Structures are given as C-alpha cells and as structure tokens.
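Chain and residue survey
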Amino acid sequence: MTQDFDPAGAASRRAVLGDAHVDKLQGQGSSMDRAWNMYVTNVSWAGTWARQVIDRPTLSLVTLGMLAGAGQMEEFERHVRNALLRTGVPQLQLREVLLHIGHYCGIPTGAACFAIVRKVMREEGIAPDAALLEDVGSVYRTAGAAASFF
C-alpha cells in the first residue's frame, strides 16, 4: 500500500505553517477535500518547500511577494506569521520585500501589507528590530524633511 501523503511534504507543511494550523485543517477535512489535501501536501509542500534548493527564509519572502501581487491578503497574513515565527525571515529583509511590493504592486497594496505586518507583530508580541531605523534616514529623506514626521 502506498502512502497518501508524502512524509517530506507533511513535515514541511508542519514546519512552515505550524502544528496547530495543520491539525485544524486536518480536523476540518472530509472525503470531499482529501484529494485536495493530498495534492497540496504532495505537490506544493513536497514539490517546492521540501526540495531545499532555495532556503526557507527566501521561499517565505518570494511567497509573500506573490501573495501580495495576487491580492491574497488572508494567505499573506498567514505567511507573514510563518516568516516571523517559523521560517527565520529577518525583519530587515521582510521590510525590504514590503517596499518592493509597494513599488511593483502599488501603494495601496504596499500599505495593506505593512498594516498586516504591524498587526501580526502586535499580536505575536514582536518588537521591531533596532536595525530597521539605521538605513532609512539617509535613503529616503529628502532635503528639508523632518525625521520625526511619523
């Protein structure tokens, strides 16, 4: 008898999404969506996240950019939480991707993404890294701009 769920895919799914989320999904499952869960685990999780060609922090950042571009904000929020809690994305790199999202996907999308990150950080009790302030002043401040505006 063959396994329905690829062990590497199942392990990657749990590592990135967390046990609580995967357990919740499994508890909601039925014979209607078993094929879908097999597909997601065996193709998406085993076929991408478990391959280890690109490290998890980088995959997280790529995923965030694609989810934002597709307007999938509920999934974006889930993956922000994953990035900050489980895949080891540094806040400085997360902010850099958010800046790119705002540039390439538009200011409203970028603003929504920053709002989601602030919400997740607040809910998880994560303080912004001090390093986030180090490069901003010299890069984005124009002549005569006040540093204390925001």
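Values in this document were obtained by computation on a predicted structure and should not be read as measured data.

Quick notes on the rules
Residues numbered from 1 in each chain as written. Predicted model: local features only at pLDDT ≥ 70, side-chain atom pairs only at ≥ 80, totals over all residues. Heavy atoms only, no water. Helix = DSSP H or I, 4+ residues; strand = E, 2+ residues; numbered from the N terminus. Buried < 20%, exposed > 50% of the residue type's maximum accessible area, 1.4 Å probe, protein only. Contact = heavy atoms within 4.5 Å. 1 Å grid on protein atoms, 1.4 Å probe; cavity = no way out; pocket = protein on both sides within 12 Å on 5 of 7 lines; lining within 4 Å. Points joined across faces, edges and corners; volume = space filled by probe spheres on them. Nonpolar A, V, L, I, M, F, W, Y, C, P; charged D, E, K, R; others polar. Axes fitted to C-alpha atoms, helices over the stretch in contact; angles between N-to-C directions. Parallel < 35°, antiparallel > 145°, perpendicular 65-115°, else oblique. Left-handed = near helix turned anticlockwise from the far one by under 90°. Salt bridge = Lys/Arg side-chain N within 4 Å of Asp/Glu carboxyl O. Phe/Tyr/Trp six-rings, centres within 6.5 Å; stacked < 30°, edge-to-face > 60°.

1. Focus: the overall build of the protein
A count of helical and extended segments in the protein gives eight helices and zero strands. Overall, the protein shows an N-to-C arrangement of helices and strands of α-α-α-α-α-α-α-α. Within the span of the protein, comprising 150 residues, buried residues form 31% of the whole. Put simply, of all contacts in the protein between residues at least 6 apart along the chain, 71% involve residues at least 24 apart.

2. Considering the layout of surface pockets
As a volume, the second largest pocket reaches approximately 450 Å³. Lining the second largest pocket are 21 residues, with Ser-44, Trp-45, Trp-49, Thr-63 and His-79 sitting closest to its centre. Of all the elements in the fold, those that place two or more residues in the lining of the second largest pocket are helix 1 (7-17), helix 2 (19-28), helix 3 (34-49), helix 4 (56-69) and helix 5 (73-85). With six residues, the top contributor of residues to the lining of the second largest pocket is helix 3. Partitioning the lining of the second largest pocket into residue classes produces 12 nonpolar, six polar and three charged.

3. Let's talk about the packing of helix 6 (residues 91-105) against helix 7 (residues 107-124)
Interhelical geometry of helix 6 versus helix 7 gives an angle of 155° and a closest axis separation of 6 Å. The angle between helix 6 and helix 7 places the two elements in the roughly antiparallel class. Between helix 6 and helix 7 the crossing geometry is right-handed. Listed contacts from helix 7 to Gln-91, Leu-94, Arg-95, Leu-98, Leu-99, Ile-101, Gly-102 and Cys-105 of helix 6 are Ile-107, Thr-109, Gly-110, Cys-113, Phe-114, Val-117 and Met-121. Taken together, the residues of the contact of helix 6 with helix 7 break down into 10 nonpolar, four polar and one charged.

4. Some thoughts on the pattern of salt bridges
For the coordinates displayed, the defined rule picks out 10 salt bridges. The partner of Arg-34 in a salt bridge is Asp-4, and the shortest N-O contact between them spans 2.4 Å. Taken together, the residues span a long stretch of sequence, with Arg-34 in helix 3 and Asp-4 in the segment before helix 1 at a distance of 30 residues. Classification of Arg-34 as partly exposed rests on a relative accessible area of 39%. A salt bridge links Glu-74 to Arg-78; the nearest nitrogen and oxygen atoms lie 3.9 Å apart. Note that Glu-74 and Arg-78 are positioned in helix 5 at a spacing of four residues, about one turn of the helix.

5. Considerations on the packing of aromatic side chains
Per the stated rule, a full pass over the model turns up two aromatic pairs. Seen from their ring centres, Trp-36 and Tyr-39 are 5.8 Å apart, and the 25° between their planes marks the pair as stacked. Separated by three residues within a single helix, Trp-36 and Tyr-39 lie in helix 3, roughly one turn from each other. For Trp-36, a relative accessible area of 53% puts it in the exposed group. Judged by its relative accessible area of 47%, Tyr-39 is partly exposed.

6. A word on the environment of Ala-111
If you trace the backbone, Ala-111 turns up in helix 7. Distance from Ala-111 to Ile-101, taken between C-alpha atoms, is 9.3 Å for residues 10 residues apart in sequence.

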